[in-house]
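One-letter residues, chain by chain:
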Amino acid sequence: ALEATGAGEACNVLLDGWLLDSGATDWVPDAEHTTRWAASRAQLGRIGEAAMVLERLRIQNPSDPELTSRAFRLRLLSDGRPEALAALAALAKTLDGRAGTTARLVVAQAHGERGEHDAEYALLAAFEPEPDDPLRVAYLLNRVVAAADAGNVAAAVSARDAWRAL
């Protein structure tokens, strides 16, 4: 109701109290309000809070690839430690479908940005996106680049051939 009157920030402040209450460990409003709230809080530099709440929403919507991408990216922004990346990599391996593809791409890109090309390639090589996954082509192309960056010529050629066969 507050958003309809143009008072979006007042709505965010109200949601702050509910979403950040230590007793609200699993409750979140609908995806639209939660993602808007998380984006506004991240813009204010409250990335850790935004990541925590968006992760709760992702858990409630495990097959949503867009939420998975947003939640993983915010988590990486809020916690750049190697342990956080390792935890996200482990979580990504448990997801399937489009959310699994998205999660692996986000984590693999983070490995690549850190120069951890062997880990980047290993994560991408251990999963095959569904044939109808719209990210399949991008996923396979990322696998080609990751294999080449890791210095694994044979894997790069094999991945390139699989990508070309699409």
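These numbers were taken from a predicted model, which means no experiment stands behind them.

Rules and cut-offs
Residues numbered from 1 in each chain as written. Predicted model: local features only at pLDDT ≥ 70, side-chain atom pairs only at ≥ 80, totals over all residues. Heavy atoms only, no water. Salt bridge = Lys/Arg side-chain N within 4 Å of Asp/Glu carboxyl O. Buried < 20%, exposed > 50% of the residue type's maximum accessible area, 1.4 Å probe, protein only. Axes fitted to C-alpha atoms, helices over the stretch in contact; angles between N-to-C directions. Helix = DSSP H or I, 4+ residues; strand = E, 2+ residues; numbered from the N terminus. Parallel < 35°, antiparallel > 145°, perpendicular 65-115°, else oblique. Left-handed = near helix turned anticlockwise from the far one by under 90°. Contact = heavy atoms within 4.5 Å. Nonpolar A, V, L, I, M, F, W, Y, C, P; charged D, E, K, R; others polar.

A.B. asks: Would you explain the pattern of salt bridges in this entry?
C.D. replies: Note on pairing: side chains with opposite charge can pair once their charged atoms come close. If you walk through the whole model with that rule in mind, you get eight salt bridges. Taking the shortest distance from any N to any O, the salt bridge between Asp79 and Arg81 comes out at 2.8 Å. A relative accessible area of 46% means that Arg81 is categorised as partly exposed. Put simply, Asp161 and Arg160 hold a salt bridge, and the shortest N to O gap is 2.8 Å. Look at Asp161 and you get partly exposed, because its relative accessible area is 37%. One continuous salt-bridge network, built from bridges that share partners, spans Asp79, Arg81 and Glu83.

A.B. asks: Sorry if this is basic, but what is going on with the packing of helix α8 (residues 136-149) against helix α9 (residues 153-164) here?
C.D. replies: The relative placement of two packed helices comes down to the angle between their axes together with the axis-to-axis distance. At a minimum axis separation of 8 Å, α8 and α9 run at an interaxial angle of 165°. It follows that α8 is roughly antiparallel to α9 by the angle criterion. The two elements α8 and α9 meet at a crossing, and its hand is left-handed. Within the contact between the two elements, α8 uses Val137, Leu140, Leu141, Arg143, Val144, Ala147 and Ala148 and α9 uses Ala155, Ala156, Ala159, Arg160, Ala162 and Trp163. Its residues assigned to classes, the contact of α8 with α9 shows 11 nonpolar, no polar and two charged.

A.B. asks: Looking at this structure, how should I read the side chain of Thr68?
C.D. replies: Its place among the elements puts Thr68 in helix α4 (residues 65-78). Judged by relative accessible area, which is 0%, Thr68 ranks as buried. Apart from the residues lying within four places of it in its own chain, the contact partners of Thr68 are Arg58, Pro62, Leu95, Ala99 and Ala103.

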